[in-house]
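Chain by chain, the residues run as shown.
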Amino acid sequence: MLISIKVTNPNILKIMKILNKSIERAKTPESVGIDSSVISKMTEEMSYRGINVHRLMILRDNKVACEAWSKPLTPEMPHMVYSISKSFLATAYGFALDEGKISRKTKLVDVFPELSKKKDSFLEKLTIHHLLCMTAGKQTSIRGSKSDDWLKLFINAKWIFEPGTSWRYVNDNYYVASKMLCKILGESITEYLTPRLYEPLGIDVPFWEHSPEGVEAGGWGLQLKTEDIAKLILCYQNNGRYNDIQVIPEWWTKEATSYISDNSVSEKEPDASAGYGCGFWRCAGMPNTYRAEGMFCQYAISFADYNACLVMTSEHSGLQETLDVIWEYMPKAFVDPDTEKECQKIILPDKSAVVKKPRSEMEMQIKSKT
């Protein structure tokens, strides 16, 4: 005999929503106002252009409208998200600001007072906010260095402008911000985010590349499932709420995704020069749109006017080319909901044959050798 129990306690309902890790799926794309035939044409166009899409997820009205992935990949496999990592570090910064553990004016020399010995007037002005909004003024290249002291590499790099006076996209800004946060918080970024972000969103604690000193890289190195990325952008789009629970401070979701810095001074492509927030980019291709972005076309895009999101992991060097395809098709994909219309299955090219190609004999010759 089946017994039906209706749960009415609001606290228990909240816990049940947290424990349900998956975003709700729509019956069909059309049922939430997504034209599946347009999405199918968009993926065909990407394939034609050589844009190697690994996974794609479209959401509308807080539901997954359609999703697809290239075999042999599966939805459960984490993907390197490159600079989408910055959006997660920026979220940690937002939590720390909201909790009063740090301020926008917290300086690097406040956290590491030993750096004051350098008597560098620009260094004395450098704040964590400069770092996270890409207005720090340093031109550095930590990745690939043989040094174990990444902060020292940053400090010794040349200045290209005074902090706060211009904009330049520098990955290493986010590592220095990560190191500052870890020192202030007294714990790792992962430890800090786990109860505040990962657990409420139902994200399994992800792998994050560390520096030799054990600090999260900050600006790169996260490995996430497509749905994990979708949960973050969905939470931002809903003013910090997820499953009716306030997860990220509402004020921060608005600030981080707003136009904070003019990035047209050093970027020329339309979507790379439409404004930068804190870990998020403003978009030129469609009004009232912002994105988290990673190298090789990793995207989480919020279409606020349509209550919709696009999440994509892929392998393609043309960031603007890929965005141009998205802007061409996405406005057409938003239609009135139709629960009766049949949907078209979204299919991404099968990469299994590529994975099964013979491996080079050189692989075994150089294995375990330096």
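Because the structure is a prediction, the values reported are computed rather than measured.

A look at the overall build of the protein
Line of reasoning, step 1. The helix and strand tally for the protein stands at 14 helices and 11 strands.
Line of reasoning, step 2. Taken against the 2.2 N^0.38 rule, which gives 21 Å for 370 residues, the C-alpha radius of gyration of the protein at 22 Å falls within 12% of a compact globule.
Line of reasoning, step 3. For the protein, the C-alpha atoms occupy an extent of roughly 70 × 60 × 45 Å along the three principal directions.
Line of reasoning, step 4. Across the 370 residues of the protein, 53% fall into the buried class.
Line of reasoning, step 5. Within the protein, counting contacts between residues at least 6 apart in sequence, those at least 24 apart form 67% of the total.
Line of reasoning, step 6. As displayed, the protein has an accessible area near 17700 Å², and 52% of this comes from carbon and sulfur atoms.
Line of reasoning, step 7. Of the charged side chains in the protein, 46 are positive and 47 negative; the average position of the first set lies 4 Å away from that of the second.

Some remarks on the packing of aromatic side chains
Aromatic ring pairs: the centre-centre distance and the angle between the two ring planes describe each pair.
Line of reasoning, step 1. Tallied over the full model, the rule gives 17 aromatic pairs.
Line of reasoning, step 2. Consider the rings of Tyr169 and Trp281, whose centres lie 5.3 Å apart with planes at 35°: the pair is tilted. Placement of Tyr169 in the loop between helix 7 (150-156) and helix 8 (172-185) and of Trp281 in strand 8 (residues 281-282) is noted, with a sequence separation of 112 residues between them.
Line of reasoning, step 3. For Tyr169, a relative accessible area of 23% corresponds to the partly exposed category.
Line of reasoning, step 4. With a centroid separation of 5.7 Å and 75° between ring planes, the pair formed by Trp251 and Trp252 is classed as edge-to-face.
Line of reasoning, step 5. Assessed through its relative accessible area of 33%, Trp251 is described here as partly exposed.
Line of reasoning, step 6. Exposure remark for Trp252: the relative accessible area of 0% places this residue in the buried category.
Line of reasoning, step 7. Put simply, the rings of Trp167, Tyr169, Tyr276 and Trp281 touch in pairs and so form one group of aromatic residues.
Line of reasoning, step 8. Of note, Lys86 hangs over the ring of Tyr174, and the distance from its end group to the ring centre comes to 5.8 Å.

Concerning the pattern of salt bridges
Line of reasoning, step 1. If you walk through the whole model with that rule in mind, you get 14 salt bridges.
Line of reasoning, step 2. Between Arg49 and Glu45 there is a salt bridge, with its nearest N and O atoms 2.7 Å apart.
Line of reasoning, step 3. Take Arg49: its relative accessible area is 35%, and that puts it in the partly exposed class.
Line of reasoning, step 4. Between Glu213 and Lys179 there is a salt bridge, with its nearest N and O atoms 3.0 Å apart. Taken together, the residues span a long stretch of sequence, with Glu213 in the loop between strand 4 (207-208) and strand 5 (222-224) and Lys179 in helix 8 at a distance of 34 residues.

Notes on the environment of Phe95
Line of reasoning, step 1. One can find Phe95 in helix 3 (residues 85-98).
Line of reasoning, step 2. The exposure class assigned to Phe95 is buried, which follows from its relative accessible area of 5%.
Line of reasoning, step 3. Residues Phe95 and Leu197, spaced 102 residues apart in sequence, show a C-alpha to C-alpha distance of 9.4 Å.
Line of reasoning, step 4. Setting aside residues up to four positions removed in sequence, Phe95 forms contacts with Tyr192, Leu193, Arg196, Leu197, Val247, Ile248 and Pro249.

Some points on empty space enclosed by the protein
Line of reasoning, step 1. Under the defined criterion, the tally for this structure stands at 1 cavity of 30 Å³ or more.
Line of reasoning, step 2. Taken as a whole, the largest cavity holds about 30 Å³ of empty space.
Line of reasoning, step 3. Where the lining of the largest cavity is concerned, the elements lending two or more residues are helix 3 and strand 9 (289-294).
Line of reasoning, step 4. Here the residues of the lining of the largest cavity are counted per class, giving 5 nonpolar, 3 polar and 2 charged.

Focus on helix 8
In an α-helix there are 3.6 residues to a turn, and that puts residues three or four apart on one side.
Line of reasoning, step 1. Helix length check: helix 8, at 14 residues, gives a terminal C-alpha distance of 20 Å against a target of 20 Å (1.5 Å per residue), a fit within 8%.
Line of reasoning, step 2. Burial analysis of helix 8 places 12 of its 14 residues in the buried class, the great majority of the element.
Line of reasoning, step 3. Along helix 8, the positions that sit buried rather than exposed are Asp172, Asn173, Tyr174, Tyr175, Val176, Ala177, Ser178, Lys179, Met180, Leu181, Cys182 and Leu185.
Line of reasoning, step 4. Against helix 3, helix 4 (108-111), helix 6 (128-132), helix 7 and helix 9 (189-201) lie the buried residues of helix 8.
Line of reasoning, step 5. The positive-phi residue at the C-terminal boundary of helix 8 is Gly186, with phi of around 75°.

So, the sheet that holds strand 11 (residues 308-315)
Line of reasoning, step 1. Ordered by their spatial adjacency, 6 strands build an open sheet running 2-1-11-10-9-8, and the pairing between neighbours is antiparallel. Across the chains shown, the open sheet's two edge strands, defined by having one partner strand only, are strand 2 (63-69) and strand 8.

Focus: the packing of helix 2 (residues 36-48) against helix 12 (residues 319-333)
Line of reasoning, step 1. The contact between helix 2 and helix 12 brings their axes to 9 Å, and the two run at 165°. When the interaxial angle is binned, helix 2 and helix 12 end up roughly antiparallel. Taken as a pair, helix 2 and helix 12 cross one another with a handedness that is right-handed. Residues Val38, Ile39, Lys41, Met42, Glu45 and Met46 of helix 2 touch helix 12, and the partners they reach there are Thr322, Val325, Ile326, Tyr329, Met330, Lys332 and Ala333.
Line of reasoning, step 2. Looking at the contact of helix 2 with helix 12 residue by residue, the class counts come to 9 nonpolar, 1 polar and 3 charged.

Thoughts on the side chain of Lys179
Line of reasoning, step 1. Overall, Lys179 belongs to the buried group, its relative accessible area being 14%.
Line of reasoning, step 2. Setting aside its immediate chain neighbours within four residues, Lys179 contacts Phe112, Leu151, Glu213 and Val215.

How each quantity is defined
Residues numbered from 1 in each chain as written. Predicted model: local features only at pLDDT ≥ 70, side-chain atom pairs only at ≥ 80, totals over all residues. Heavy atoms only, no water. Helix = DSSP H or I, 4+ residues; strand = E, 2+ residues; numbered from the N terminus. Rg over C-alpha atoms; globule rule 2.2 N^0.38 Å. Buried < 20%, exposed > 50% of the residue type's maximum accessible area, 1.4 Å probe, protein only. Contact = heavy atoms within 4.5 Å. Areas by Shrake-Rupley, 256 points an atom, 1.4 Å probe, with all protein chains shown as cover. Lys, Arg positive; Asp, Glu negative; His and termini not counted. Charge placed at Lys NZ, Arg CZ, Asp CG, Glu CD. Phe/Tyr/Trp six-rings, centres within 6.5 Å; stacked < 30°, edge-to-face > 60°. Lys NZ or Arg CZ within 6 Å of the ring centre and 35° of its normal. Salt bridge = Lys/Arg side-chain N within 4 Å of Asp/Glu carboxyl O. 1 Å grid on protein atoms, 1.4 Å probe; cavity = no way out; pocket = protein on both sides within 12 Å on 5 of 7 lines; lining within 4 Å. Points joined across faces, edges and corners; volume = space filled by probe spheres on them. Nonpolar A, V, L, I, M, F, W, Y, C, P; charged D, E, K, R; others polar. Expected span 1.5 Å × (residues − 1). Pairing = 2+ DSSP bridges. Axes fitted to C-alpha atoms, helices over the stretch in contact; angles between N-to-C directions. Parallel < 35°, antiparallel > 145°, perpendicular 65-115°, else oblique. Left-handed = near helix turned anticlockwise from the far one by under 90°.

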